[in-house]
Amino acid sequence: MDAGRERSYPGTTERPNEPTFDEYDTPAEVDAAARTLRRVALVYFALFLLVTLGVPALTLVLDWWSSGGLAGGLSPNFVMAAGGLYIVFFLLALAAAALANAVEDRMLGGPEALDEDDGG
Amino acid sequence: MRGGGLLAAALAALWGLTYLVTQVIVQPPLAAGRMVLAGLVLSTVLTLGYPSVLRGPRMYRRRWPPSRARRVGQVGQTSGAARRAEPAPISIMGSSMPLRSGLTAEAANRTVTLLRPMLGADAVAITDRQQVLAFVGPGRDHHHPGKATITAATRKVLEGARTKVLHSAGALGCPEPSCPLSSAVIAPLHVGDSVVGALKVYRVDETAPSRDLVQGMAGILSLHLELADMDRERRLSASARLDALRAQINPHFLFNTLNTIASRARTHPEEARQLLLRLSDFFRYSTRQQGQFADFGQEYFFVRTYLALEQARFGERLAVRYDVDPQVLGVQIPVLVVQPLVENAVKHGLAQSVKGGTVSLKARFDPLRRVTRIVVRDDGVGMDPATLESALRHDGEMGGIGLRNIGERLENLFGERYRMDLRSRPDDGTTVDLRIPLR
Amino acid sequence: MTAEGVLLIVAMVVTLLFAALVRPRRASTLDFYLAGQRIGVVTNAFAICGDYFSAASFLGVAAAVYVSGLDGVWYATGFAAGFVPVLLFVAAPLRRFGEFSIPDFLGRRLESERVRLLAVAVVELIILSYLVPQAVGSGIVWDLLVGQGMFGLDAYVTGVLVSTFGIALAVVFGGMRGTTWTQAVQFLFMLMLLGWLAGSAVVGGFRYATAVERLGDEPLRTSTLTPEGWRLEPVQNQLDAEAPARFDRPGARYDRISLFALVVTLVMGTAGLPHVMNRYFTSPTGRAARMTTVWVLGAAGMFYALAVMLGTAARAIIPRAPSVGWLRALTVDGVLQVPEHALLVLGRLYGGRTGLTLLAIGAFIAVVSTIAGLLLAAAASWGHDIYERHLRPGATQRQAVRAGRLAVLVVAAISAAIALPLEPVVLSARFPSIVASMVTWAFALAGSALTPVFVLTIWWRGMTATGALAGMLTGALVAVGAFLAGLAGAGGILLFPTVFAAPLSALATVLVSQRGAPPERVEAHWMRLHGTAADRQAERLAELTIRGVDGR
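What counts as what
- Residues numbered from 1 in each chain as written.
- Chains lettered and ligands numbered in written order.
- Predicted model: local features only at pLDDT ≥ 70, side-chain atom pairs only at ≥ 80, totals over all residues.
- Helix = DSSP H or I, 4+ residues; strand = E, 2+ residues; numbered from the N terminus.
- Buried ≥ 20, exposed ≤ 12 C-beta atoms within 10 Å, placed from the backbone.
- Contact = placed C-beta atoms within 7 Å.
- Nonpolar A, V, L, I, M, F, W, Y, C, P; charged D, E, K, R; others polar.
- Expected span 1.5 Å × (residues − 1).
- Axes fitted to C-alpha atoms, helices over the stretch in contact; angles between N-to-C directions.
- Parallel < 35°, antiparallel > 145°, perpendicular 65-115°, else oblique.
- Pairing = 2+ DSSP bridges.
- Bend = angle between axes of the 7 residues up to and from the residue.
- Core = buried A, V, L, I, M, F, W, Y, C linked by C-beta atoms within 7 Å.

## Re the overall build of chain C
Each helix and strand in chain C was counted, giving 23 helices and four strands. Looking at chain C as a whole, 62% of its 552 residues are labelled buried.

Here is the structure:
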């Protein structure tokens with residue numbers, strides 16, 4: 001059994017020994033980006049909890065939620081639980097990931113166009 | 001305002017969907033009060049969340065113009081020019097009226113083509129004070145554009161600033177005997193009090209075109225020329241001020257940074273290399289940045305670059321703390337406003353203090369009031385009220401960009417709709433609190 | 001032995017051979033980019049799904065829906081929802097820090113060997129509680145398919161032993177390492193099977209909405225083994241004792257609180273599952289890890305929506321199916337004795353013996369890939385974090401490998417020993433759809449002991465090693481204690497302890513951390529966790545290389 005050694009994951013080597021390149025961050029920038037990302041994550045997590053727990057919560061307070069029939073006859077509760085929530089999760093994840101990527105693009109590193117311009 | 005329109009559309013769609021789901025396709029429908037409640041909850045979530053959802057992916061996709069495109073197709077330049085065109089509402093209107101961009105041969109050409117059928121004329125020409133700019137219609141072979149203004153009649157109109165009606169080929173005074181034109185109305189084009197050119201409308205028969213019609217059209221064209229002139233002036237003055245700013249990189253800063261780099265070159269070559277890269281980023285941004293506005297993200301990059309260089313110089317004495325709202329990153333803000341504020345904080349707040357301190361930049365976006373708030377704070381030496389007062393009134397001393405300069409520019413862009421508060425006490429640091437509306 | 005049995009065994013052998021023969025290719029950053037970043041991300045996402053979807057997902061979700069209707073749906077929702085916190089809090093920073101396993105990450109970030117050791121203990125415990133339901137699941141499949149044991153053993157016992165020891169031996173000697181590609185193919189196979197079943201059901205006249213409505217018309221009943229034999233009994237409504245429980249209404253399984261407790265348990269648990277988290281290190285960059293999770297959520301949503309639909313379909317279709325011998329033996333008045341059979345029976349109804357065998361292979365693959373992933377994670381923790389670092393610091397490669405192999409066998413033996421007395425027939429009255437129920441215990445442990453500490457370690461600079469120890473101990477002890485009390489009869493919310501154990505764990509972590517000083521090199525760790533310089537560099541290099549390859 002040799003999983004611990006042979007399964008080599010890229011990037012698991014010790015970073016400090018790697019040669020340093022043109023790309024680098026300063027501690028203040030990284031700290032700022034981390035705090036902004038944390039805020040993004042917490043906001044989206046709150047939204048996620050609201051939706052996920054909201055579906056069962058509505059069954060307790062709103063009879064219509066589990067007795068009404070949507071077009072096919074399924075109750076809104078069943079529709080959400082059996083399929084709607086997955087779509088919500090996916091869209092939420094997509095939005096959160098896009099925002100997080102955008103934040104990282106903007107808060108760390110330089111703009112590409114400036115980086116690669118020649119003859120500056 | 002496109003963000004506002006989108007939000008309104010999204011809200012409308014949300015209510016429509018809520019109505020559809022709770023009332024139409026469901027049996028039994030949800031009670032009206034509960035539907036309204038559900039709609040309100042969803043609307044609140046949407047209103048609060050829309051900046052992050054909309055701005056996130058959009059700015060991610062656009063990112064920065066790729067350099068490859070710039071190299072090959074000059075896309076960078078085009079977009080730079082497009083950004084330079086300021087958003088004044090008239091300038092959008094202007095795109096349909098050629099002369100709106102000024103009295104040039106190309107604009108005149110498009111104008112005469114446009115005017116000929118409108119005026120029921122056989123030929124139309126526009127001249128400036130020296131030459132024919134455009135001519136369309138019979139006789140074009142010898143009235144070709146670029147030719148010096150020929151007829152005495154035109155010269156008279158340019159000098160007398162009065163409209164002239166000519167009923168015969170002789171009165172026209174065309175030196176070419178085969179010229180088919182035999183009557184004309186010549187009206188002057190004004191900008192302010194001076195005549196800058198003439199509009200000439202010809203017929204091949206001897207019934208001249210309506211004088212009033214031509215004169216009216218010349219009036220309209222004059223108005224457009226006048227607006228174009230004002231535009232250009234405004235743009236010139238604004239960009240002249242900006243260019244001055246851009247060129248105004250503090251020589252002390254450059255000197256100090258180069259010193260820092262030189263001192264590291266032997267002991268920490270890698271760090272020196274990184275600092276050099278930063279310095280080049282700094283200059284590239286300050287010289288290549290075009291236009292009045294930029295994404296906050298870009299300005300933030302500029303500030304980061306600046307502060308990284310200053311941190312290298314001051315070492316432990318300068319701490320930096322950024323606190324940036326995710327939504328704010330994609331908002332357009334006026335260029336070269338934040339960095340000077342930060343530079344002031346370093347230069348006046350901390351550089352003189354022995355123990356150093358922290359410069360913090362906080363940026364928030366209020367989605368409901370659509371206001372961007374930028375707070376630059378230092379916990380350095382601060383100022384007494386008198387110094388504070390004079391800082392507001394005078395331009396920065398040599399090499400710095402003063403608060404007054406920033407204030408003037410903001411006023412130019414936003415009128416009364418921005419706010420800049422300054423708070424400072426001796427030994428308690430300085431805070432600049434800037435609030436600017438969404439463009 | 002029946003013909004299906006022979007087919008199943010052949011399929012098992014083929015699967016094992018396939019997995020053993022396709023040697024792990026080292027996926028380098030460049031590979032990812034050459035294959036096109038998106039393809040790399042999607043493949044990795046499917047591989048995570050392959051690791052993640054176990055017997056609990058493949059058989060258990062449909063079984064839970066079959067037994068409890070709407071309340072059973074929440075297992076699937078919770079399993080999928082668990083990846084949202086992973087995406088928000090864990091994926092990108094974990095990849096950027098770039099350590100090998102959860103204990104490795106915690107140990108290095110907090111610069112403490114004690115944290116590493118305790119984390120290993122917790123991870124092993126989680127792995128064990130995840131392994132047991134997988135073993136039970138394979139026992140069920142064996143029982144249904146082969147129907148008889150080997151070497152004079154009971155069919156269920158044989159299934160358990162074959163799955164645990166069979167896979168353990170394959171892992172030990174075959175070097176089965178679950179490459180990204182094989183795992184992705186396995187997931188696609190499972191998805192395909194569900195798609196095929198759903199398609200057959202719709203073609204066969206199944207209408208989702210109508211079926212749910214009709215099922216809701218009559219009270220929900222379940223099969224129970226009484227001293228007089230199998231009988232159907234109405235399910236008690238947990239929300240309203242007066243009314244009968246119905247398929248399309250809540251209440252068949254959970255009271256007011258325990259449904260929320262279940263969802264929270266599943267949501268928090270995924271971020272602490274070692275075999276899933278280990279896969280995040282195969283992404284080339286933090287951003288790729290993040291986008292991978294988005295795709296995982298998409299794929300998982302599709303998979304679970306189908307599984308839920310098929311659970312409903314089984315309820316609706318089985319009573320109307322022509323009553324033949326094999327079906328009568330499995331049902332009581334049209335209701336399955338063991339709900340885990342739902343998908344398998346549907347497979348046989350639509351595809352005959354081949355269909356049954358295919359479904360069984362799907363279940364088997366789910367079990368095999370998950371068990372192999374778990375055993376590997378266990379071995380990695382022992383070999384890498386304990387043996388090499390503590391038991392014998394100067395160990396040779398060979399010795400470490402031997403230690404890892406030994407660990408695999410020991411873990412397999414323990415899980416088999418626990419799984420054997422848990423035959424579902426005995427317990428199904430108490431825990432309907434036992435496989436899914438048992439998996440939640442692993443989620444509860446992970447979510448209580450690991451996730452809070454994990455998330456705080458990533459996002460809070462003030463975190464200390466002592467704080468992490470306190471948090472993990474609190475979470476683990478509270479979760480296990482509550483769970484034992486729940487089993488002993490208190491029941492209810494105690495069976496889903498995350499909802500209070502996780503906050504307690506986080507509280508303990510924060511309180512203890514505030515008394516100490518954070519690790520010395522916290523700034524450097526922060527740069528590694530949240531900085532993107534290394535990622536950008538990797539992306540740039542890859543871009544340059546590709547441009548060179550394309551001759552541009």
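## Looking at the overall build of chain A
Along the backbone of chain A there are five helices and zero strands. Each helix and strand of chain A, ordered N terminal to C terminal, gives the series α-α-α-α-α. Residue pairs in contact within chain A that sit at least 24 positions apart in sequence constitute 63% of those at least 6 positions apart.

## Observations concerning the interface of chain A and chain C
On the side of chain C, 70 residues touch chain A, which itself brings 56 residues to the contact. Elements with a contribution of two residues or more to the side of chain A that touches chain C: helix H1 (3-6), helix H2 (27-61) and helix H4 (76-107) of chain A. No other element matches H4 of chain A, which puts 18 residues into the side of chain A that touches chain C. Classifying every residue of the side of chain A that touches chain C by side-chain character gives 33 nonpolar, 14 polar and nine charged.

## Thoughts on helix H12 (residues 258-269) of chain C
With twelve residues, H12 of chain C should cover 16 Å at 1.5 Å per step; its first-to-last C-alpha distance of 16 Å lies within 8% of that length. Of the residues making up H12 of chain C, those classed as buried are Ser258, Leu259, Ala261, Leu262, Val263, Val264, Thr265, Leu266, Val267, Met268 and Gly269 of chain C.

## A closer look at the environment of Glu113 of chain C
By the element assignment, Glu113 of chain C lies in helix H8 (residues 113-145). Glu113 of chain C sits 352 residues away from Ala465 of chain C along the chain, and the two C-alpha atoms are 9.0 Å apart.

## Let's talk about the packing of helix H4 (residues 55-68) of chain C against helix H16 (residues 342-391) of chain C
Residues and elements named next belong to chain C. H16 packs onto H4 with a crossing angle of 135 degrees between their chain directions and a minimal axis gap of 8 Å. With respect to H16, the axis of H4 lies oblique. Note on element contacts: H16 touches H4 through Ala342, Leu343, Gly362, Ala363, Ala366 and Val367, opposite Ala55, Ser57, Phe58, Leu59, Ala62, Ala63 and Tyr66. Split into classes, the residues belonging to the contact of H4 with H16 amount to eleven nonpolar, two polar and no charged.

## Thoughts on the pairing of strand S7 (residues 318-324) of chain B
All names here are of chain B. Where burial is concerned, the two faces of S7 differ: the one with Leu318, Val320, Tyr322 and Val324 is buried and the one with Ala319, Arg321 and Asp323 is not. Looking at chain direction, S7 and strand S9 (residues 357-366) are connected through seven bridges and run parallel. Within S9, the residue paired with Asp323 across the bridge is Lys362.

## Quick word on the sheet that holds S7 of chain B
All names here are of chain B. Overall, mixed pairing links the five strands, which are arranged S7-S9-S10-S12-S11 in an open sheet. Two strands in the sheet have a free side with no partner beyond their single neighbour: S7 and strand S11 (419-424). Within this sheet the neighbouring strands show an average axis-to-axis angle of 10 degrees, counted without direction.

## Side note on helix H6 (residues 83-97) of chain C
At Val90 of chain C, H6 of chain C shows its maximal kink, close to 50 degrees; a proline, Pro93 of chain C, follows between one and four residues later. Of the residues flanking the end of H6 of chain C, it is Gly98 of chain C, one or two places downstream, whose phi is positive at about 70 degrees.

## A closer look at the nonpolar core
Membership of the largest hydrophobic core comes to 278 residues, with the highest contact counts inside it found for Ala96 of chain A, Val342 of chain B together with Cys49, Ala62, Tyr304, Leu310 and Leu375 of chain C. Element by element, the count of residues in this core is highest for H16 of chain C, at 28 residues. Not counting the four nearest positions on each side in its chain, Ala62 of chain C is found in contact with Ala307, Leu310, Gly311, Ala314, Ala342 and Leu343 of chain C. Counting residues in each nonpolar core, the second largest holds 39 residues, with Ala123, Ala125, Ile186 and Leu199 of chain B among its members.

## A word on the sheet that holds strand S1 (residues 123-128) of chain B
All names here are of chain B. Reading across from one edge, S2-S1-S5-S4-S3 is the order of the five strands in this open sheet, with antiparallel pairing throughout. Edge positions in the sheet fall to strand S2 (132-136) and strand S3 (164-166), since each of these pairs with one other strand and no more. Averaged over all pairs of adjacent strands, the angle between their axes in this sheet comes to 15 degrees, without regard to strand direction. Against the sheet, helix H6 (residues 105-119) contacts S1, S2 and strand S5 (194-203), and its axis sits at roughly 35 degrees relative to S2.

## Let's talk about the pairing of strand S4 (residues 183-191) of chain B
Successive side chains on a regular strand alternate, one facing one side of the sheet and the next facing the other. All names here are of chain B. Here S4 lies mainly inside the structure; seven of its nine residues are buried. One ladder, built from three bridges, connects S3 with S4; its direction is antiparallel. Bridge pairing links Val165 to Val185 in S4. In the sheet, S4 pairs with S5 via nine bridges, with the strands oriented antiparallel. Note that in S5 the partner of Ala184 across the bridge is Tyr202. From the end of S4 to the start of S5, which pair antiparallel, there are two residues, and Gly192 there has a positive phi angle of about 60 degrees.

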